[in-house]
Amino acid sequence: MNMNDLKNSNAPVSTTTINKNEFDAPTENIYEAISIAAKRAVQINGDIKKELLEKLEEFATYSDSLEEVFENKEQIEVSKFYEKLPKPHALAVEEWLNDKIYYRNTDKDA
């Protein structure tokens, strides 16, 4: 997942109401639909966290003294960018509603 895709996402930043019938239509089971979206949200969160840590690592300064704290303007800007992104659960719900999540039920496939 690309960070530009996340920034340009239409996922809501605040709380919005989703129509239950629209949300569970692909599976005909609300619990299964929520479970699929939740698993995708965990994946998205892991990707975002990994990329954030990689970017922050670029700015890391290592010193022997714990008293020295350096404020890095670029590091603060990167952190603010990630704070403004839509939350992983909102991105997962948007992907689910737009049929961008592949899923399969192994019980039904057998």
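Quantities reported herein were computed from a predicted structural model and do not represent experimental measurements. (Residues numbered from 1 in each chain as written. Predicted model: local features only at pLDDT ≥ 70, side-chain atom pairs only at ≥ 80, totals over all residues. Heavy atoms only, no water.)

**As for the packing of aromatic side chains**
Rules: Stacked, edge-to-face and tilted are the three classes for Phe, Tyr and Trp ring pairs, Trp counted by its six-membered ring, which pair at centre distances within 6.5 Å; planes under 30 degrees apart are stacked, over 60 edge-to-face, the rest tilted.
Across all of its chains, the model carries three aromatic pairs by this definition. Consider the rings of Phe81 and Tyr82, whose centres lie 5.3 Å apart with planes at 90°: the pair is edge-to-face. Taken together, the ring pairs connect Phe23, Trp96 and Tyr103 into an aromatic cluster.

**A look at helix α5 (residues 88–97)**
Stated precisely, the cut-off is as follows: Relative accessibility thresholds used throughout: buried, under 20% of the residue-type maximum; exposed, over 50%; partly exposed, between the two (1.4 Å probe, protein chains only). Helix and strand definitions here come from DSSP, where helices need a minimum of 4 consecutive H or I residues and strands a minimum of 2 consecutive E residues; each element is numbered from the N-terminal end.
Of all the 10 residues making up α5, seven are buried; the element is thus mostly covered by neighbouring parts of the structure. Among all positions in α5, only Pro88, Ala90, Leu91, Ala92, Glu94, Glu95 and Trp96 are buried. At the exit of α5 stands Asp99, carrying a positive phi of roughly 55°.

**Some points on the confidence of the model for the protein**
Any residue range with low pLDDT should be treated as having predicted coordinates unsuitable for detailed reading. Rule in force here: Every residue carries a pLDDT, the predictor's confidence in it, which falls somewhere between 0 and 100.
Per-residue confidence for the protein gives a mean pLDDT of 85, with 82% of residues at or over 70. Mean pLDDT across the secondary structure elements of the protein bottoms out at helix α1 (residues 3–7), with 66, and peaks at helix α2 (residues 20–23), with 95.

**As for the side chain of Asp24**
Our working definition: Two N or O atoms count as a polar contact when they lie within 3.5 Å, although within protein this holds only if one can serve as hydrogen donor and the other as acceptor, and sequence-adjacent residues are included solely when both atoms are side-chain atoms. We call two residues in contact whenever any of their non-hydrogen atoms come within 4.5 Å of each other.
Here Asp24 lies in the loop between α2 and α3 (30–58). Judged by relative accessible area, Asp24 falls into the buried class, the value being 10%. A polar side-chain atom of Asp24 sits 2.6 Å from a polar atom in the side chain of Lys20. If we ignore the near neighbours within four places in the chain, the residues touching Asp24 are Asn29, Ile30 and Ala33.

**Quick notes on the packing of α3 against α5**
The condition that has to hold: Every axis corresponds to a line fitted to the C-alpha atoms, with the helix fit spanning only the stretch in contact, and the corresponding angles, defined between N-to-C directions, vary from 0 to 180 degrees. Under this scheme an angle from 65 to 115 degrees is roughly perpendicular, one under 35 degrees roughly parallel, and one over 145 degrees roughly antiparallel; angles in between are oblique. Whether a crossing is left-handed or right-handed is set by the direction in which the near helix is turned from the far one by less than a right angle, anticlockwise for left-handed and clockwise for right-handed. Polar here means any residue outside two lists: the nonpolar Ala, Val, Leu, Ile, Met, Phe, Trp, Tyr, Cys and Pro, and the charged Asp, Glu, Lys and Arg; Gly therefore counts as polar.
Packing of α3 against α5 leaves a shortest axis separation of 8 Å and a crossing angle of 125°. Judged by the angle between their axes, α3 and α5 are oblique. As α3 runs across α5, the sense of the crossing is right-handed. Judged by residue contacts, Ala33, Ile36, Ala37, Arg40, Ala41, Ile44, Asn45 and Ile48 of α3 engage Pro88, His89, Leu91, Ala92, Glu95 and Trp96 from α5. Its residues assigned to classes, the contact of α3 with α5 shows 10 nonpolar, two polar and two charged.

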